[in-house]
Amino acid sequence: MIDTKVNIAGVEFKNPVIAASGTFGFGREFLEYFPISKLGGLSTKGLTLRQREGNKGVRIHETTGGIMNSIGLQNPGIDAFIEEELPFLHSQDTVIIANVSGNTIEEYVISVEKLNQTDIDMIELNISCPNVKEGGISFGTKAEIASNVVTQVRKVCKKPLIVKLSPSAENIVEMAESCVEAGADALSLVNTFPALAVDISKKKAIFDNITAGLSGPCIKPIALRMVYEVSKAVDVPIIGIGGIMGYRDAIEYIMAGAWAVQVGTANFINPKACVEIIEGIEEYLQKEGISTLEEIRGII
Amino acid sequence: MKEGYREVDISSNTEIAKDIFELKVQIEFNDSLGDPGQFYMLRSWDFDPLLSRPFSICNIEGNVVTFLYKIVGRGTNYLSKLKPKDKLKVLGPLGNGFNLNVNGKVALISGGIGIPPMIYLAKKLSAEIDFYAGFTNEVYYMHYVQKYVNKIYITTEDGSTGQKGFITDIFRPEKYDVVFTCGPSAMMKKVVEKCENMIPVFVSMESIMACGMGACLGCSIKTKSGMKRVCKGGPVFEGREVFFDD
């Protein structure tokens, strides 16, 4: 009998597959294609204290083996999320993770205080969005700055706290260790890679913000290496993110040390990607005679 | 519950003008195959290119859905190589369609490869229709639309067929009760401006999209009632709701 359950910071996930923030909305669109209660968890679209319209100009650009995006955290704001989306999400029988972004430490703190009052299962602190002018990634590159945000949030946060790391961290292991020391219960890595695309006919950058976040299969080997290095260095659960398109990619992350994975870009290619990955993991374990994920976690 | 991507057979894939293809696929669905203005995401590849490509419904006859597309990049180039009996993966029908309950005299205005939804709309509307079509040079598909409309107005940029110039140059809004349009953003903006606040105008917007089903927010546009996703809130919008310059 195989068992794919994982326990991260005291929260039980029925399987290790989490829909990644920014790729799954608040779940409603995907409910048309499969019962989202099948998911291990769902990380919400990045939430900010106030509503954001997101960025102007081109927002999506396809590149070899990946997608660049510059959505700019379009979201309804924390209050509207709590009022309009959370009751629906909590009726779905899966772990709900609120992904939170901010321009200032104070915004992070106020947002988390508001979420403390709800029945959200976990908070994922996004200190790594590459597509907003203030805050975002600026918190996610230097370990001491990230540590300060996490420390301030930890003081008020009553929920299990995941910190989402940027691949732009000067030193990903040092960044991970600082965040854990500051109070992170788990780490998710990595966010999109800051990248550049040029329109040579217009002789300018494709995106208004010049750079945008790269995701998809092309980032997987680099993200996988980071998960491997961080999992060897810290004692908290790691959630692997980056180019997971099928169950084989998910198994690779688990073997590299991840407790769970987040599936992002694949949701755009196939609305049923998450559920197919869950089934693929189960079939793989069955075929290989493996009964729990713990048996293969971090074996690399 | 929707099924997600389904593999379907290609019936035909024919070049009908330079770099313009007519693709017919057999879709064995139990539910509706779609309404005018709705679209499908198509892919004939695994992960390279990564994204599917959105195409409006041009026609439905029985279980055969027709799409028109222009070769503009790698995805459409791959599509152009497909032959009858080859497989294609389709997701749809997606998005909202045009309101078919209109009265009076109707103008359908298309520019370039904005023509497909206008073709199917012409077939499905029961009103009196004038069809305006602007092409760069080669004219296509007008034979098909002829039987559904009262009059066809054609412009080409090189003057090879119809009147030389843009289709918006010859459109006279005062003759109509309702206007539907699909084509380049600048053309649709001009149509909305010409109609001022006298006539209702419905536009079918185009935007770069990743998922086609409302998740990525890549296709969001600014409207008078906030940000709207072209794939989910559209592609059909009330013309005056849209900010064409944003």
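Residues numbered from 1 in each chain as written. Chains lettered and ligands numbered in written order. Predicted model: local features only at pLDDT ≥ 70, side-chain atom pairs only at ≥ 80, totals over all residues. Heavy atoms only, no water.

**Quick notes on the overall build of chain B**
For chain B, the count of helices and strands is five helices and 16 strands. Computed over C-alpha atoms, the radius of gyration of chain B comes to 17 Å, within 12% of the 18 Å expected from 2.2 N^0.38 for 246 residues, which places it in the range of a compact globule. With respect to the principal axes defined by its C-alpha atoms, chain B has extents near 50 × 40 × 30 Å. Out of the 246 residues in chain B, the part that is buried amounts to 56%. Taking as baseline every contact in chain B between residues at least 6 positions apart, the subset at least 24 positions apart corresponds to 55%. With an accessible surface of roughly 10,400 Å², chain B has 47% of that area assigned to carbon and sulfur atoms. (Helix = DSSP H or I, 4+ residues; strand = E, 2+ residues; numbered from the N terminus. Rg over C-alpha atoms; globule rule 2.2 N^0.38 Å. Buried < 20%, exposed > 50% of the residue type's maximum accessible area, 1.4 Å probe, protein only. Contact = heavy atoms within 4.5 Å. Areas by Shrake-Rupley, 256 points an atom, 1.4 Å probe, with all protein chains shown as cover.)

**Observations regarding the packing of aromatic side chains**
For any two aromatic rings, the description comes down to two numbers: the centre-to-centre distance and the angle of the planes. This model, assessed by the stated rule, comprises 17 aromatic pairs over all chains. Geometrically, the ring pair formed by B:Phe135 and B:Tyr140 is edge-to-face, given 5.1 Å between the ring centres and 70° between the ring planes. Lying across the ring of A:Phe88, A:Arg28 places its NZ or CZ 4.4 Å from the centre. (Phe/Tyr/Trp six-rings, centres within 6.5 Å; stacked < 30°, edge-to-face > 60°. Lys NZ or Arg CZ within 6 Å of the ring centre and 35° of its normal.)

**A word on the domain arrangement of chain B**
Residues and elements named next belong to chain B. When the domains of chain B are assigned, the result is domain 1 (6-94) and domain 2 (105-204). Taking only C-alpha atoms, the centre of domain 1 and the centre of domain 2 are 23 Å apart. Contacts between domain 1 and domain 2 engage 19 residues on the former and 13 residues on the latter. Regarding the contact of domain 1 and domain 2, the summed buried area is about 1,300 Å², with carbon and sulfur atoms giving 66% of it. (Domains from an automatic or database assignment. Buried area = accessible area lost by both parts, 1.4 Å probe.)

**Looking at the pattern of salt bridges**
Per the stated rule, a full pass over the model turns up 24 salt bridges over all chains. With a shortest N-O distance of 3.6 Å, A:Lys5 and A:Asp3 are connected by a salt bridge. A:Asp3 gets classed as partly exposed once you look at its relative accessible area, which sits at 30%. It is possible to trace a salt-bridge network through shared partners that takes in A:Glu32, B:Lys2 and B:Lys232. (Salt bridge = Lys/Arg side-chain N within 4 Å of Asp/Glu carboxyl O.)

**Some remarks on the interface of chain A and chain B**
Listed per partner, the contact involves 30 residues of chain A and 28 residues of chain B. Between chain A and chain B lies a buried interface of about 2,600 Å² when both sides are counted; carbon and sulfur atoms form 63% of it. Joining chain A to chain B, the criterion identifies five salt bridges. One salt bridge connects B:Arg53 with A:Glu62, and the closest N-O pair in it is separated by 2.8 Å. When residues of the side of chain A that touches chain B are traced back to their parent elements, those giving at least two are α1 (28-31), β5 (60-63), β6 (66-69) and α8 (266-269) of chain A. It is α1(A) that contributes the most residues to the side of chain A that touches chain B, three residues altogether.

**Focus: helix α2 (residues 78-90) of chain A**
Residue and element names in this part refer to chain A. Taking 1.5 Å per residue as the helical rise, α2 with its 13 residues ought to reach 18 Å, whereas the 16 Å between its terminal C-alpha atoms falls clearly short. The largest bend along α2 reaches roughly 40° and is located at glutamate 84, with the proline proline 87 sitting one to four residues downstream. Among all positions in α2, only Ile78, Ala80, Phe81, Glu85, Leu86, Phe88 and Leu89 are buried. Next to the buried residues of α2 lie α1, β4 (41-43), β7 (95-100) and α3 (105-116). (Expected span 1.5 Å × (residues − 1). Bend = angle between axes of the 7 residues up to and from the residue.)

**Thoughts on helix α4 (residues 143-156) of chain A**
All names here are of chain A. Here α4 is 14 residues long and its end C-alpha atoms lie 21 Å apart, about the 20 Å a rise of 1.5 Å per residue gives. Within the sequence span of α4, burial applies to Ala143, Ala146, Val149, Val150, Val153 and Val156. In an axial view of α4, the angular spread of the buried residues amounts to 155°, which keeps them on one side of the axis. Pointing more than 90 degrees away from the buried face of α4 are the exposed residues Glu144 and Lys155. Buried-residue contacts for α4 involve α3, β8 (122-126), β9 (161-165) and α5 (172-181). (Arc of directions from axis to C-beta.)

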